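Structural overview
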Amino acid sequence: MTVGTDLPKPEALFDLDVWLHRWPASVYATELHYGVLVFTGCDAFDERDAEIAARTYPGRRILIDETGKLEVHPAGDGPPISIFDARHPLRAAR
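Residues numbered from 1 in each chain as written. Predicted model: local features only at pLDDT ≥ 70, side-chain atom pairs only at ≥ 80, totals over all residues. Heavy atoms only, no water.

Some points on the sheet that holds strand β4 (residues 70–73)
Strand-to-strand pairing in sheets goes through backbone hydrogen bonds, with the strands running parallel or antiparallel. Spatial ordering of the open sheet is given by β1-β2-β4-β3, a layout of four strands whose pairing is antiparallel. The open sheet has two edge strands with one neighbour each: β1 (27–33) and β3 (61–64). If you compare each strand with its neighbour and ignore which way they point, the axes differ by 20° on average. As paired strands, strand β2 (residues 36–41) and β4 are joined by three bridges and run antiparallel to one another. Counted as the bridge partner of phenylalanine 39 is leucine 70 from β4. Where helix α2 (residues 47–56) meets the sheet, its contacts fall on β3 and β4, and the angle it forms with β3 comes to roughly 160°. (Pairing = 2+ DSSP bridges. Helix = DSSP H or I, 4+ residues; strand = E, 2+ residues; numbered from the N terminus. Axes fitted to C-alpha atoms, helices over the stretch in contact; angles between N-to-C directions. Contact = heavy atoms within 4.5 Å.)

Details of the pattern of salt bridges
This model, assessed by the stated rule, comprises two salt bridges. Between arginine 48 and aspartate 46 there is a salt bridge, with its nearest N and O atoms 2.4 Å apart. For the pair arginine 48 and aspartate 46, a shared accessibility class is recorded, and that class is buried. Between aspartate 85 and arginine 87 there is a salt bridge whose closest N-O contact spans 2.6 Å. (Salt bridge = Lys/Arg side-chain N within 4 Å of Asp/Glu carboxyl O. Buried < 20%, exposed > 50% of the residue type's maximum accessible area, 1.4 Å probe, protein only.)

Printed below as a string of structure tokens:
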């Protein structure tokens, strides 16, 4: 697990600044797009958030898109494509 300098040590308490800037606490909006969960935070999510989301949603594929949104895709082959990409198969099917 990656531990950045902006996170408290495991034995330390969280303060408000950390709580507001790490997933899942920093989620401002949760949306469902074509069956894909999309989380929007106050900052762009990073690989630490993706690791936590992968443990929270085992078997699903996690993606952080180019705008910093965290997407939870169903299981499948290969890396997921952002649900906001017009080439995504679920978007094209509708």
